[in-house]
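# Inside the fold
Listed below are the residues making up each chain.
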Amino acid sequence: MLHTIAGLTALAFLAAATAVTPARADNARRFDGSWVVRTSAETGSCGKNYDFKLAVKNGTVTYAGFWPVKASGGISKLGVVRMTLAHGQQKVTATGLAEGDQASGDWSSPHHPKCSGSWFAKRA
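Report on the accompanying structure. (Residues numbered from 1 in each chain as written. Predicted model: local features only at pLDDT ≥ 70, side-chain atom pairs only at ≥ 80, totals over all residues. Heavy atoms only, no water.)

### Thoughts on the pairing of strand S4 (residues 70-75)
As paired strands, S4 and strand S5 (residues 80-87) are joined by 6 bridges and run antiparallel to one another. Note that in S5 the partner of Gly74 across the bridge is Arg82. Hairpin connection between S4 and S5: a loop of 4 residues separates the two successive antiparallel strands, and Gly79 in this loop has a positive phi of roughly 95°. (Pairing = 2+ DSSP bridges. Helix = DSSP H or I, 4+ residues; strand = E, 2+ residues; numbered from the N terminus.)

As structure tokens, this is what we get:
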């Protein structure tokens with residue numbers, strides 16, 4: 001399960017969606033939908049890669065899988081991705097950039113196990 005959160009860490013969308021004007025709301029929604037994420041562990045003791053789903057609504061991300069994982073964060077209207085995924089006490093943060101139907105970036109787990117890597121996502 002330790003490796004699961006590290007892998008899920010990959011896609012960390014965390015640009016908080018707050019109250020917006022209608023024009024900004026349209027921009028926030030341009031990344032809405034289901035996303036399939038693939039992670040790549042590159043350093044540390046997280047030796048597995050994972051595929052999982054996230055959902056984005058009004059720029060806010062939620063985990064759309066079967067594990068007891070909590071996702072927070074989102075995608076800004078400019079496509080900046082910032083997110084945190086948590087499973088129990090284990091947390092992973094991810095950052096990146098979304099453009100069109102694809103997004104990519106880096107993730108890290110600052111606590112045990114310490115590890116990091118990259119992620120790629122595609123709208124499902």
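This is not the end of the story, as more comes after the structure.
### Description of the pattern of salt bridges
For the structure on display, the rule yields 2 salt bridges. Salt-bridge contacts for Arg38 lead to Asp51; the nearest nitrogen and oxygen are separated by 2.8 Å. Highlighted residues: Arg38 in strand S1 (residues 33-44) and Asp51 in strand S2 (residues 51-57), separated in sequence by 13 residues. Classification of Arg38 as exposed rests on a relative accessible area of 52%. (Salt bridge = Lys/Arg side-chain N within 4 Å of Asp/Glu carboxyl O. Buried < 20%, exposed > 50% of the residue type's maximum accessible area, 1.4 Å probe, protein only.)

### Describing the side chain of Asp32
Checked against the element boundaries, Asp32 lands in the loop between helix H2 (22-29) and S1. The contact partners of Asp32, leaving out residues within four places of it in the chain, are Val56, Lys57, Asn58, Gly59 and Arg123. (Contact = heavy atoms within 4.5 Å.)

### Describing the state of the cysteines
Following the criterion strictly, the structure yields 1 disulfide and no others. At a sulfur-sulfur separation of 1.9 Å, the disulfide partner of Cys46 is Cys115. The S-S bond linking Cys46 to Cys115 shows a torsion near -50°; that makes this disulfide left-handed. Taken as a pair, Cys46 in the loop between S1 and S2 and Cys115 in strand S8 (residues 115-123) lie far apart in primary sequence, 69 residues in all. Note on accessibility: Cys46 and Cys115 belong to one class, buried. (Disulfide = S-S within 2.5 Å.)

### Thoughts on the pairing of S2
Alternating residues of S2 divide into Phe52, Leu54 and Val56, all buried, and Asp51, Lys53, Ala55 and Lys57, none buried. Both S1 and S2 contribute to a ladder of 6 bridges, which runs antiparallel. Among the inter-strand pairings, Arg38 is bridged to a residue of S2, identified as Asp51. Linking two consecutive strands that pair antiparallel, namely S1 and S2, is a turn of 6 residues. Relative to strand S3 (residues 60-63), S2 is paired through 4 bridges, and the arrangement is antiparallel.

By themselves these figures say nothing about function.
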